[in-house]
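Tertiary structure, described
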Amino acid sequence: MKLLAVFLLVFSMMALTSGHKRIVLQEKSFSCPCHWSQINGRCFIFVAKPMTWAKAEKNCLSMGANLASVRNIKEYRQIQGLILAAGYETRETWIGGSDAQEDRTWLWSDGSALRFTNWCPKQPDNLTRKQECLQMNYSAGKCWDDTECSAKKPSVCVKKSCPR
Ligand SMILES: [Ca+2]
Ligand SMILES: [Ca+2]
């Protein structure tokens, strides 16, 4: 009978320990809303409807997001994968870079520092002196280009993932 009591004690302690571990794991995992994809700890969504850059940013804002910033080439490839998975192949798409405030000073609309770039050869060229918004999937290289913000294109939004 004493032995049984010891067993029960040990089992309940194990249950407590594993329960604690589960809580710790949950604290470390993050979640994205339905239809958003988690990439590198942030949530992304592809918006197929063609819009101007500013309307696309406003649309992201309405979902608590901004047009996407991109931190590295791996993240860029995953964003391309998102567009591909939506059936839009490698279509030209707005992300959150712009130099509208000051020519050739590129900023991300989500306020993060623009360090990584993936410009196509000879871009950004500020052609017609009115190219202030960043489109991805440009030309054969599927890289970045500055173009007129009034062009209507699909877009990608980003927002922070929330602890579960
Ligand atoms: Ca420019
Ligand atoms: Ca250009």
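Described in the following lines is the structure provided in the data block. Just so you know, these numbers come straight off a predicted model, no measurement behind them.

Cut-offs and rules
- Residues numbered from 1 in each chain as written.
- Chains lettered and ligands numbered in written order.
- Predicted model: local features only at pLDDT ≥ 70, side-chain atom pairs only at ≥ 80, totals over all residues.
- Heavy atoms only, no water.
- Core = buried A, V, L, I, M, F, W, Y, C linked by side-chain atoms within 4.5 Å.
- Buried < 20%, exposed > 50% of the residue type's maximum accessible area, 1.4 Å probe, protein only.
- Helix = DSSP H or I, 4+ residues; strand = E, 2+ residues; numbered from the N terminus.
- Donors = N, O, S within 2.8 Å, 3.2 Å for Na, K, Ca; no water.
- Tetrahedral: all angles 85-135°; square planar, octahedral: opposite > 155°, others 65-115°.
- Phe/Tyr/Trp six-rings, centres within 6.5 Å; stacked < 30°, edge-to-face > 60°.
- Patch = residues over 30% accessible without salt bridge, like charges linked within 9 Å, V, L, I, M, F, W, Y side chains within 5 Å.
- Areas by Shrake-Rupley, 256 points an atom, 1.4 Å probe, with all protein chains shown as cover.
- Salt bridge = Lys/Arg side-chain N within 4 Å of Asp/Glu carboxyl O.
- Lys, Arg positive; Asp, Glu negative; His and termini not counted.
- Charge placed at Lys NZ, Arg CZ, Asp CG, Glu CD.
- Contact = heavy atoms within 4.5 Å.

**Focus on the nonpolar core**
Phe 44, Val 70, Ile 79, Ile 95, Met 136, Trp 144 and Val 156 are the most contacted members of the largest nonpolar core, which totals 18 residues. The set of elements that each furnish at least two residues to this core consists of strand S3 (42-51), helix H3 (73-85), strand S7 (133-138) and strand S9 (153-160). A per-element tally of this core places H3 first, with 4 residues.

**Describing the coordination of the calcium ion (ligand 2)**
Distances from the calcium ion (ligand 2) to its protein donors, Gln 123 (OE1), Asp 125 (OD), Gln 131 (OE1), Asp 145 (OD), Asp 146 (O) and Asp 146 (OD), fall within 2.3 to 2.5 Å. Angles of 66 to 148° at the metal separate the 6 donor atoms of the calcium ion (ligand 2), which places the site in the irregular class. Of note, the calcium ion (ligand 2) draws all its donor residues from one chain, in the sequence arrangement Q-x1-D-x5-Q-x13-D-D.

**Observations regarding the packing of aromatic side chains**
Aromatic ring pairs: the centre-centre distance and the angle between the two ring planes describe each pair. Scanning the model with the defined rule gives 6 aromatic pairs in all. Centroid distance Tyr 76 to Trp 144: 6.0 Å. Interplanar angle 75°. Geometry classified as edge-to-face. One end of the pair, Tyr 76, is in helix H3; the other, Trp 144, is in strand S8 (residues 143-147), with 68 residues separating them in the sequence. Side by side, Tyr 76 and Trp 144 carry an identical accessibility label, which is buried. Both rings, one in Trp 108 and one in Trp 144, keep their centres 5.7 Å apart while their planes meet at 80°; by these two values the pair is edge-to-face. Placement of the pair is Trp 108 in strand S6 (residues 107-108) and Trp 144 in strand S8, with a sequence separation of 36 residues. The pair Trp 108 / Trp 144 is uniform in exposure class, with both members buried.

**Concerning a positive patch on the surface**
A cluster of basic residues, Lys 49, Lys 55, Lys 58 and Lys 152, forms a positive patch on the protein surface. Note that Lys 55 resides in helix H2 (residues 53-61).

**With respect to the side chain of Gln 123**
Along the chain, Gln 123 falls in the loop between S6 and S7. Among all residues touching Gln 123, those that are not within four sequence positions of it are Tyr 138, Trp 144, Asp 145 and Asp 146.

Remember, this is a structural readout, not a statement about activity or role.
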